[in-house]
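Chain by chain, the residues:
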Amino acid sequence: WTRTSSHRFEISSEFAAMPTLTRASTTTMTVDRLIFHMRDAAMHWRVEYPPFWMSSFRRLQELQKDVGLQQAAHLLIIMSHLRLVQADLVHH
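All values reported here derive from a predicted model rather than from experimental measurement. (Residues numbered from 1 in each chain as written. Predicted model: local features only at pLDDT ≥ 70, side-chain atom pairs only at ≥ 80, totals over all residues. Heavy atoms only, no water.)

Draft legend 1. A look at the overall build of the protein chain. On a plain count of helices and strands, the protein chain comes out with 5 helices and 2 strands. When each of the 92 residues of the protein chain is scored for burial, the buried share is 27%. Sequence separation of at least 24 residues holds for 63% of the intrachain contacts in the protein chain that already meet a minimum separation of 6. Of the accessible surface of the protein chain, which amounts to about 6900 Å², a share of 56% is contributed by carbon and sulfur atoms. (Helix = DSSP H or I, 4+ residues; strand = E, 2+ residues; numbered from the N terminus. Buried < 20%, exposed > 50% of the residue type's maximum accessible area, 1.4 Å probe, protein only. Contact = heavy atoms within 4.5 Å. Areas by Shrake-Rupley, 256 points an atom, 1.4 Å probe, with all protein chains shown as cover.)

Right under this line is the structure:
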């Protein structure tokens, strides 16, 4: 909680908690499902949680051979919404 003047307010942990999509397992996601998952995180929730992105990019590397032109275009849009992208995760 934070005190301002004589007023006190508290932010509910439910409100401040990470969205449930950050806890979803990416290990079994198809390339299309993973891209949808990443797009939702980047554009709707603006997730910056490093373990989420590392897991997503790790799975993307596993599915690299399944990424077509349309999926690559979606990935470019997703990455344009991220503040930081670790270069070695996306060099392919």
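Text resumes after the structure shown.
Draft legend 2. Spatial organisation of the environment of Arg46. Mapped onto the fold, Arg46 is located in the loop between helix H2 (31–45) and helix H3 (50–62). Distance from Arg46 to His81, taken between C-alpha atoms, is 8.0 Å for residues 35 residues apart in sequence. What Arg46 contacts, discounting residues up to four positions off in sequence, is Ala41 and His81.

Draft legend 3. How the structure looks around H3. Look at H3: 18 Å from first C-alpha to last across 13 residues, which is about the 18 Å you get at 1.5 Å a residue. All of the buried residues along H3 are Phe52, Trp53, Ser56, Phe57, Arg59 and Leu60. Viewed along the axis of H3, the buried residues span an arc of 160°, placing them on a single side of the element. (Expected span 1.5 Å × (residues − 1). Arc of directions from axis to C-beta.)

Draft legend 4. Region of interest: the nonpolar core. Met38, Trp53 and Ile78 are the most contacted members of the largest nonpolar core, which has 17 residues in total. Of all the elements in the fold, those that place two or more residues in this core are H2, H3 and helix H4 (69–80). Looking at this core element by element, the count peaks at 6 residues for H2. Discounting residues that sit within four places of it in the chain, Trp53 has contacts with Met38, Ala41, Ala42, Val47, Glu48, Ile78 and Leu82. (Core = buried A, V, L, I, M, F, W, Y, C linked by side-chain atoms within 4.5 Å.)

Draft legend 5. Region of interest: the side chain of Gln71. Looking at where Gln71 falls in the secondary structure, it is placed in helix H4. With residues near it in sequence (within four places) discarded, Gln71 still touches Val31, Asp32, Ile35 and Asp66.

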